[in-house]
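The residues making up each chain are set out below.
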Amino acid sequence: MNRESIYYLPEGSTESTFCYDEDRPRLPLPKLDHTLKRYLESLKPFGTAEELENTKKIIETFRKGVGAKLQTILEEKAAKEKNWVDKWWEDYAYCTLRMALIPYCVMVQPLLLDAVGLAAVPENFLKSPATCLHHNMVFWKLLRTERLRPIASADKKNVFSADLYRRLYNTARTPGLEMDKVESHFRTEREGPCASHIIVLYGGRIFKIPGLNATGDPLSPQDFLFMLQQIQVKVESETMTVPHAGVPVLTNDDRTSWARNRQHLIELSARNATMVREIEEAVALLILDTHCPQNFSDLAQLALTGDIHSKWTDKSCGTIAFKNGQMGCYGEHCCYDGSISMSISLYVMMSIAEEGVPDWDVPAANLIRPEELVLDLDDTLREEIVRMESVADEMQNCVVVSMDQFQDYGKAFMKQHKIHPDAYVQTALLLTYYRLHGTFAPTYETAMMRQYYKGRTETCRSCSIESVRFIEAMESATVADADKAKAFRAAANRQMELMNEARKGNGIDRHLFGLWCAAYDNGIPIPDLYDDPLYSRSGGGGNFILSTSTLGYTINCGYVAPMCADGYGCFYTMLEDCIWAIFSAYRDSTVTSGHKFQQTFHQVMGDLRALLERTEMTNKL
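Once a new chain begins, its residue numbering starts again from 1 and follows that chain's sequence as written. Given that this is a predicted model, residues contribute local features only at a pLDDT of at least 70 and side-chain atom pairs are listed and counted only at 80 or more, while totals for whole chains, interfaces and linings are drawn from all residues. Water and hydrogen atoms play no part in the side-chain values, which are based on all heavy atoms of the structure.

### Observations concerning the overall build of the chain
Our working rule: Numbering of helices and strands starts at the N terminus; helices are DSSP runs of H or I of at least 4 residues and strands are runs of E of at least 2. Buried residues are those whose accessible area, probed at 1.4 Å on protein chains only, stays under 20% of the maximum for their type, while exposed residues exceed 50% and partly exposed ones sit between those limits. Only heavy atoms enter the contact rule, under which two residues are in contact if any of them lie within 4.5 Å. In this description, accessible areas are obtained by the Shrake-Rupley approach with a 1.4 Å probe, and a residue is regarded as covered only by the protein chains that are shown. Under the convention used here, Asp and Glu are negative, Lys and Arg are positive, and both His and the chain ends fall outside the count. Note that the charge is assigned to NZ on lysines, CZ on arginines, CG on aspartates and CD on glutamates.
In terms of helices and strands, the chain carries 20 helices and 15 strands. Out of the 621 residues in the chain, the part that is buried amounts to 59%. Excluding contacts between residues fewer than 6 apart, the proportion of contacts in the chain whose partners are at least 24 apart in sequence is 77%. Total accessible area on the chain stands at roughly 25100 Å², and carbon and sulfur atoms take up 51% of it. With 66 positive and 82 negative side-chain charges, the chain shows a separation of 6 Å between the mean positions of the two kinds.

Written out as structure tokens, the structure is:
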């Protein structure tokens, strides 16, 4: 496996990065009866017999009444639009949220660059980001020239939309008083010009550097290092607080307050308007952060919070360089999904592995001075910066993160026992939660939908009645090992059935969400179905206690904060002989504990292995 086979189109290829996007099939719209049947089934782990009987009546009333009317509205929409949920999902699942993007709406990833030879040592504080900036610009140019290989099976029967790559770079989530808006300024070379500069933030100050040389090629790591060194000298030599520093912290406010401050900022002067536009149109951000993460969990947590004073959070993507040579990155979730983040981080790591660490004895070929963007401020904005600095400081430890490597076994053992690795881990997570809390957790797992036109994700509801039966069997002292193992396999098989159905467009949550949106947009009272306690108790309306996703089969692992105040984020990647995982929980919760969850997960994984080995041994006797 190398970059060329994964990422590059061969010379002379008639394909291009986005060539299949318009031909992707329409997003399916399930039949109402089918969705309501699956929905009722998904409620069984969470309701008593009496509650389920009451919900059955609510569902039937909905099916015969307003539900049928809303389904007709959806069918008319789906006939006109190739993706009937796309705009609603962006507007109502993301852009109407008024809470701060950090910690609630950004994706975060620790970059384990020492695994590819880029050591996490203080002398690499600027060298590592200089290297990453170079490879990011190469990737950006692949997109600009449409030479990035479309993701497809060899026979081209399964081709994924590349549309979300258009919002990886040169994109910002612009705040609004009531609703934000994603604005992508990215253009391919065929489509027209596109900004190629990068914004560097350090100590609350903002600098603009070019990404390309005079001939239009990405600047070298040595070129980037030269510019970063100048920024470091400038910021660190001026020990007194400069009066224009601190503006980025305003972007970490609630969205309505930031919308007001942004509008005031750009109206204050024409220079401000130009500079804000330059920030929002830039390829990407680099944040230089003086924190020194001491371990993987520390790195994962500081990549989320860290120096919030130096994060322009609206930007679609940013790389974070810490003073001791550690690195991380973040992505604004509204702009794209985690699969895009994993793709670019894997590309950067493979590039470093294949090309090696740059020769830093080679001098920079382009001696370019960074341009500091000095925004005009008035007393109102200065007061707002002081207020937000206090808010940001309080936010530092709001999420507790545990980054974990489970080393006892990995996907090879799971495959040996003929259990799909993802279904194995999902079932283990459900058992982990039950052991800690004594209840069954409504669980969200990401199901990829990019095979459809502008497809993003669907929800796989992992907590099934089969998983409940397995957990009850596993925790019983009277159930035989053979029956426990049989129940485990049944739960894992059901998990794969649910995932496959979700991927085909036969999920539950996007359809229920669309029916709600149809009511809301057409002035129809929100149906009783959405007020039923079992709707939220099963995860509906964004109330999933476990928010989970498998991130593939490399060491690259990222996360988002939990969906609920008393929930967990559980994100993992499965290698042959180990599992990398990141568990997150809110510090203020009196219910959850990320560290206890991690410890219990280890115990569960050990118990499952022992169970399978015992039953295998018994079967051989």
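Having seen it, we continue.
### Re the packing of helix H15 (residues 421-437) against helix H16 (residues 465-474)
Between two packed helices, what matters for the description is the angle formed by their axes and the separation of those axes. As a reminder, the rule being used: Fitted lines through C-alpha atoms serve as axes, helices being fitted only where they are in contact, and the angles separating the N-to-C directions of these axes extend from 0 to 180 degrees. Here the word oblique covers every angle except those under 35 degrees (roughly parallel), over 145 (roughly antiparallel) and from 65 to 115 (roughly perpendicular). Here a crossing is taken to be left-handed if its near helix is turned anticlockwise relative to the far helix by less than a right angle, and right-handed if that turn runs clockwise.
Contact geometry of H15 with H16 gives a least axis separation of 10 Å together with a crossing angle of 55 degrees. By the angle between their directions, the pair H15 and H16 is classed as oblique. Like other packed secondary-structure pairs, H15 and H16 cross with a definite hand, here right-handed. Contacts between H15 and H16 involve Thr 427, Leu 430, Leu 431, Tyr 434 and Arg 435 from the first element and Ser 467, Phe 470, Ile 471 and Met 474 from the second.

### Digging into the sheet that holds strand S8 (residues 327-332)
Put simply, the test is: Paired strands, as defined in this entry, are two strands with at least two bridges between them according to DSSP.
Across the sheet, which stays open at both edges, the seven strands sit in the order S1-S8-S7-S6-S4-S5-S9 with mixed pairing between neighbours. Unpaired on one side and paired on the other, strand S1 (106-111) and strand S9 (371-372) mark the two borders of the sheet. As paired strands, strand S6 (residues 285-289) and strand S7 (residues 317-322) are joined by five bridges and run parallel to one another. Considered in S7, the bridge of Ile 287 is made with Ile 320. Strand contacts of helix H8 (residues 221-237): strand S4 (197-202), strand S5 (205-210), S6 and S9, with the helix running at about 160 degrees to S5, the strand carrying the most contacts.

### What about the UniProt feature "active site" (unreviewed entry) in the chain?
Selection criterion: UniProt positions are given in the numbering used here, feature names are shortened, and annotations may be inferred rather than shown by experiment. What qualifies as a polar contact is a pair of N or O atoms within 3.5 Å, subject to a donor-acceptor requirement within protein and to the restriction that residues adjacent in sequence count only when both atoms come from side chains.
The residues that UniProt annotates with the feature "active site" (unreviewed entry) are His 333. Among the secondary structure elements, His 333 is positioned in the loop between S8 and helix H12 (338-355). You can call His 333 buried: its relative accessible area is 19%. Among the polar contacts made by the side chain of His 333, one reaches the main-chain carbonyl oxygen of Tyr 336 at a distance of 3.3 Å.

### Some thoughts on the sheet that holds strand S15 (residues 579-586)
As summarised here, the arrangement of the six strands in space is S10-S15-S14-S13-S11-S12, forming an open sheet in which the pairing is mixed. The two strands at the open ends of the sheet, each matched to only one other strand, are strand S10 (399-406) and strand S12 (457-461). Strand-to-strand, the axes of this sheet are offset by a mean angle of 20 degrees, without reference to chain direction. Examined bridge by bridge, strand S11 (residues 443-448) and strand S13 (residues 546-550) share three bridges and lie parallel to one another. Of the residues in S13, the one forming a bridge with Tyr 444 is Ser 547. Running at roughly 140 degrees to S10, helix H11 (residues 296-304) makes contact with S10 and S15 of the sheet.

### A short note on the pattern of salt bridges
This is how the line gets drawn: By definition here, a salt bridge exists when the distance from a side-chain nitrogen of Lys or Arg to a carboxyl oxygen of Asp or Glu is within 4 Å.
All told, the structure shown has 40 salt bridges when counted by the stated rule. A salt bridge links Glu 90 to Arg 167; the nearest nitrogen and oxygen atoms lie 2.8 Å apart. One end of the pair, Glu 90, is in helix H5 (residues 86-95); the other, Arg 167, is in the loop between helix H7 (127-144) and strand S2 (171-174), and 77 residues separate them in sequence. There is no split in this pair, since Glu 90 and Arg 167 are both buried. Ionic pairing is found between Asp 217 and Lys 141, a salt bridge with its closest N-O pair at 3.7 Å. Taken as a pair, Asp 217 in the loop between S5 and H8 and Lys 141 in helix H7 lie far apart in primary sequence, 76 residues in all. Overall, the relative accessible area of 37% leaves Asp 217 in the partly exposed class.

### Remarks on the domain arrangement of the chain
For clarity, the cut-off: Residue ranges labeled as domains rest on an automatic or database domain assignment. Each of two parts loses accessible area, computed with a 1.4 Å probe, when they are put together; buried area is these two losses added.
Here the chain is partitioned into domain 1 (18-29 + 401-620) and domain 2 (98-397). Between domain 1 and domain 2, the C-alpha centre-to-centre distance is 31 Å. Listed by partner, the interface residues are 28 residues for domain 1 and 43 residues for domain 2. Summing both partners gives a buried area of about 3000 Å² for domain 1 against domain 2, and 60% of it is carried by carbon and sulfur. The three residues of domain 1 that bury the most area against domain 2 are Phe 18, Arg 450 and Arg 456, which together make up 28% of that side's buried surface. Linking domain 1 with domain 2 are one salt bridge.

### A few points about the state of the cysteines
Put plainly, a disulfide is one covalent bond tying together the sulfur atoms of two cysteines. Threshold: A pair of sulfur atoms, both from cysteines and within 2.5 Å, is called a disulfide here.
What the rule picks out here adds up to zero disulfides. Not engaged in a disulfide, the cysteine Cys 335 finds its nearest cysteine sulfur in Cys 334; these two sulfurs lie 5.7 Å apart. The closest cysteine sulfur to the non-disulfide-bonded Cys 570 is located on Cys 557, 11 Å from its own sulfur.

### Notes on the pairing of strand S3 (residues 181-184)
One ladder, built from four bridges, connects S2 with S3; its direction is antiparallel. Following the sheet pairing, Arg 173 is matched in S3 by Val 182.

### Comments concerning the side chain of Gln 326
Mapped onto the elements, Gln 326 comes out in the loop between S7 and S8. Once residues within four sequence positions are removed from consideration, Gln 326 is found in contact with Ala 120, Pro 293, Leu 299, Ile 320 and Ala 321.

### Section: the packing of aromatic side chains
Quick note on the threshold: Only rings of Phe, Tyr and Trp enter the pairing, Trp through its six-membered ring, and a pair is recorded when the two centres are within 6.5 Å. The plane angle decides the type: under 30 degrees is stacked, over 60 is edge-to-face, the rest tilted.
According to the stated counting rule, one finds 29 aromatic pairs in the structure shown. Ring centres of Tyr 92 and Tyr 520 lie 5.5 Å apart, and the angle between their planes is 80 degrees; this geometry places the pair in the edge-to-face category. Taken together, the residues Tyr 92 in helix H5 and Tyr 520 in helix H18 (residues 509-521) connect sequence positions 428 residues apart. Of the residues examined, Tyr 92 reaches a relative accessible area of 21% and is grouped as partly exposed.

### Side note on the nonpolar core
This is how it is decided: Nine residue types can take part in a nonpolar core, namely buried Ala, Val, Leu, Ile, Met, Phe, Trp, Tyr and Cys, and a core is a set of them joined through side-chain atoms within 4.5 Å.
If you look at the biggest cluster of nonpolar residues, it comprises 144 residues, and the most contacted ones within it are Phe 139 and Tyr 169. If one sorts the elements of this core by residue count, H12 sits on top with nine residues. When residues of this core are assigned to domains, at least three map to each of domain 1 (18-29 + 401-620) and domain 2 (98-397). Here Phe 139 is in contact with Tyr 7, Leu 148, Tyr 165, Leu 168, Tyr 169, Ser 343, Ile 344 and Tyr 347, once residues within four sequence places are set aside. Among the nonpolar cores identified, the runner-up in size contains 47 residues, and Ile 465, Phe 470, Ala 487 and Phe 583 belong to it.

### With respect to H5
Of all 10 residues in H5, seven are buried, a share of seventy percent or more. For H5, every residue scored as buried is listed here: Trp 88, Trp 89, Glu 90, Asp 91, Ala 93, Tyr 94 and Cys 95. Here the buried face of H5 lies against helix H4 (66-80), S2, S3 and H18.

### Details of the side chain of Asp 307
Looking at the element boundaries, Asp 307 is found in the loop between H11 and S7. Polar contacts involving the side chain of Asp 307 include one to the side chain of Ser 310, which spans 2.8 Å. Residue contacts for Asp 307: discarding those within four places in its chain leaves Gly 203, Leu 288, Asp 289 and His 291.

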